[in-house]
Amino acid sequence: MAWHLNLGIDKRVLRNTDPAERDAELFKFNMLGLMIILVALIAFGSSIVFLLLISHNLVLSACLGLLIGLMVFNLYRLMLVTSINAYHTELGEFQSDHERLFKHIGPAQAAGLDEETIQELVLQRISALRSLALEDKGYRHDNAQMATFLIKLLILALFALVFATGLELFVFRNQLNGAFEAIRQVYAARPDSWIIQGALRPPDAGGFFLIECQSVLFAIDVLKLGLGPVKILIDLAVVGIFVIPLILTYRSYELIDSAYVREQALQEMGISYYHYLKTQAFCHQIGTQCASEDLHARLNKSTAPA
Amino acid sequence: MKRRQKNPGYFSKGNLIFWALILLWISIQFLHLLDPLFDEARVTEKFRKLEAQERLESNLDSLRQIVRDSIEKKQPEPGCPVARYTWKWQDPFTGRNESMSFEICESEAQNAGNFRKNLRTADLREIYIRMSESDALPLNGMVQSFRATIKSRGMGYEKALFFIVGAIQAIPYTLVLQGGGPLRCPCTLGQVYYLADCRVRADRRGCCNDIEPAGLFSPLEFALHKKGDCDTRTLFAYTVLGSLGYDITILNSDAEGHSILGVHSPRALGNGDYIRGKNGRKYYIWELTAPSPPGVYTYNSSKDSWFSVMK
């Protein structure tokens, strides 16, 4: 399936690459796209559990859970896609520094270039840059990229911890309900206590749904008590699921220096270069015209109908 | 800027770990059917302790109310002058020199031993209960002083317990014997030679004869004169701590010929040695005749020889 579309990957960008390389590229982005879907599904499912604890209404919980799931999906996609760029490579320096990109041809040389010549020059420049990118054997991260990555990682880890708890509440719902029943028995002699009245009393409208508790924090407390240190391990598994795709976009050169990133960067630079040449040619044309003609008199000339 | 070499396989490894974690999560769904991960007993135990603690606090509050009410309702008679008594001791747990004053109606102080002497029963439990109930009100002044100190120092449940028990343990031991028994002062008991001197002695060799019933001073007498052996102390602690809302009992052993305090606590005390009460609760043992930590069983006989007298 075309999971890569979740990332906004356009297959047409890869038209200049080898079919085998294109398939390998699409496989990687398909995997990444699928990871995003799974993460969004985890957020969706976990949100439903939390919302059920609050509302005990399946329809309401499903709708709000879907909303949260979609929000997480878009936020997560934003974090991943903004990490996939060419700034880690030699090519990225040309992309971010246009002076360097345009230095081979100055305004004087761009004078009088026609459309065909400009397109040919662009193709030559892109071809040269592609050769440069293919020869580049390393990649790098500066401090700003590292800081951005760490902030993204922290945000995703926090999300993961919250959603992990929701999943655990769902997975261990039967054990939790058993524990709630045992707690009810312990507090049987004190029915006016907060635990009975505030947390374990069924909602006025209808009964419990899924988890027999009305307090999210109380349910989490019982879950933590019941699981003990195992909860940390399970949490870490979910944190891993959330952060691995982001780590891959930061550390895996197979993604950040992929043919797709390269071709996308080249395409953008080609467009910039083309418009630069067109602009220089047009500037030269206007300059020549200014020098040979009294444009001031032309502007003052009455344009009113005779 | 440092450049990294392009290491192949990073994506493959990361991808593999991701799916492995997904598989792990899916497997947890099935694992939980076997209940190996969730310890329900731990949850129940925790909430049982919490409930006990809350109940204790609640009892303490209601008891305070009862005591307040009883004081308001039963003020000392206008004509009854009060006598002021002071306990001074060094806290065995903190090493701090402590002092606490309390007031007792003089007529009650003078009649302190009368109720005891007139008791006509051989049932030890009944003796304990009647003496404790009888002296609970005269000891209100002392209980109030303990409460005021606890409150002013912001002591919690456990610190207050140590404070009161420390005050009792710091008092030197005095052997108390009933009439007609096998022993009379002076005598040797447990490798200690006790003198025929019914006073509190720093060398812990004081001994009193003919104290009826059961060689036991009443809690009020202990508060006034500080004379007492094991059972006098446990009965005094039972009365005072009980008035403060603690769940306590008196633990006796015929094999040891000894009496110690049993304290129920939401948290294990000391080494955690306990005797089960009649109500099934754990009562952590506490020796009162000398400075000693709670929950430490140091007796020769087995724990089975001990029984809870009160609860």
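Residues numbered from 1 in each chain as written. Chains lettered and ligands numbered in written order. Predicted model: local features only at pLDDT ≥ 70, side-chain atom pairs only at ≥ 80, totals over all residues.

A.B. asks: What should I look at first to understand the pairing of strand β9 (residues 258–263) of chain B in this one?
C.D. replies: A regular strand places its side chains so that they alternate between the two faces of the sheet. Residues and elements named next belong to chain B. Burial within β9 is extensive, with 6 of its 6 residues counted as buried. Of the two faces of β9, both are covered, the one formed by H258, I260 and G262 as well as the one formed by S259, L261 and V263. Examined bridge by bridge, strand β8 (residues 248–253) and β9 share 6 bridges and lie antiparallel to one another. Note on β9: the bridge partner recorded for I248 is V263. (Buried ≥ 20, exposed ≤ 12 C-beta atoms within 10 Å, placed from the backbone. Helix = DSSP H or I, 4+ residues; strand = E, 2+ residues; numbered from the N terminus. Pairing = 2+ DSSP bridges.)

A.B. asks: Would you take a moment to explain the pairing of β8(B) for this structure?
C.D. replies: All names here are of chain B. Here β8 lies mainly inside the structure; 5 of its 6 residues are buried. Remark: 4 residues form the turn of the hairpin made by β8 and β9, two consecutive strands paired antiparallel; G257 in that turn has positive phi of roughly 60°. Pairing between β8 and strand β12 (residues 306–308): 3 bridges, direction antiparallel. Bridge pairing links L251 to S308 in β12.

A.B. asks: I tried to follow the environment of D231(B) on my own but got confused; where do I start?
C.D. replies: Residues and elements named next belong to chain B. Inspection of the secondary structure assignment puts D231 in helix α9 (residues 230–243). For the pair D231 and G257, spaced 26 residues apart in sequence, the C-alpha to C-alpha distance is 9.9 Å. With sequence-adjacent residues up to four places away left out, D231 is seen in contact with L216 and S259. (Contact = placed C-beta atoms within 7 Å.)

A.B. asks: Looking at this model, I keep getting lost on the nonpolar core. Mind explaining?
C.D. replies: The nonpolar side chains of a soluble globular protein tend to be buried with one another. Residues and elements named next belong to chain A. The biggest cluster of nonpolar side chains holds 78 residues, and the ones touching the most others in it are V39, A160, L176, V238 and F242. By residue number, the principal contributor to this core is helix α1 (residues 19–55), which donates 16 residues. Leaving out residues up to four positions away in the same chain, V238 has contacts with A160, F163, A164 and L167. (Core = buried A, V, L, I, M, F, W, Y, C linked by C-beta atoms within 7 Å.)

A.B. asks: Would you mind going over the interface of chain B and chain A with me for this structure?
C.D. replies: A common way to state how big an interface is: give the accessible area lost once the parts meet. Contacts between chain B and chain A engage 32 residues on the former and 38 residues on the latter. Put simply, the parts of the chain that give the side of chain B that touches chain A at least two residues each are β1 (3–5), α1 (10–31) and α2 (40–73) of chain B. Per-element tally for the side of chain B that touches chain A: the top contributor is α1(B), with 12 residues. In the side of chain B that touches chain A, the residues fall into 14 nonpolar, 6 polar and 12 charged. (Nonpolar A, V, L, I, M, F, W, Y, C, P; charged D, E, K, R; others polar.)

A.B. asks: Help me understand the packing of helix α5 (residues 115–135) of chain A against helix α12 (residues 259–292) of chain A, please; the structure alone is not making it clear to me.
C.D. replies: What describes two packed helices is the angle between their axes and the distance between those same axes. All names here are of chain A. Relative to each other, α5 and α12 sit at 145°, their axes nearing to 9 Å. Seen from above, α5 lies across α12 with right-handed handedness. Contacts between α5 and α12 involve I118, L121, V122, R125, I126, L129, R130 and A133 from the former and R262, L266, M269, G270, Y273, Y274, L277 and K278 from the latter. (Axes fitted to C-alpha atoms, helices over the stretch in contact; angles between N-to-C directions. Left-handed = near helix turned anticlockwise from the far one by under 90°.)

None of the figures reported here should be taken as evidence of function without further support.
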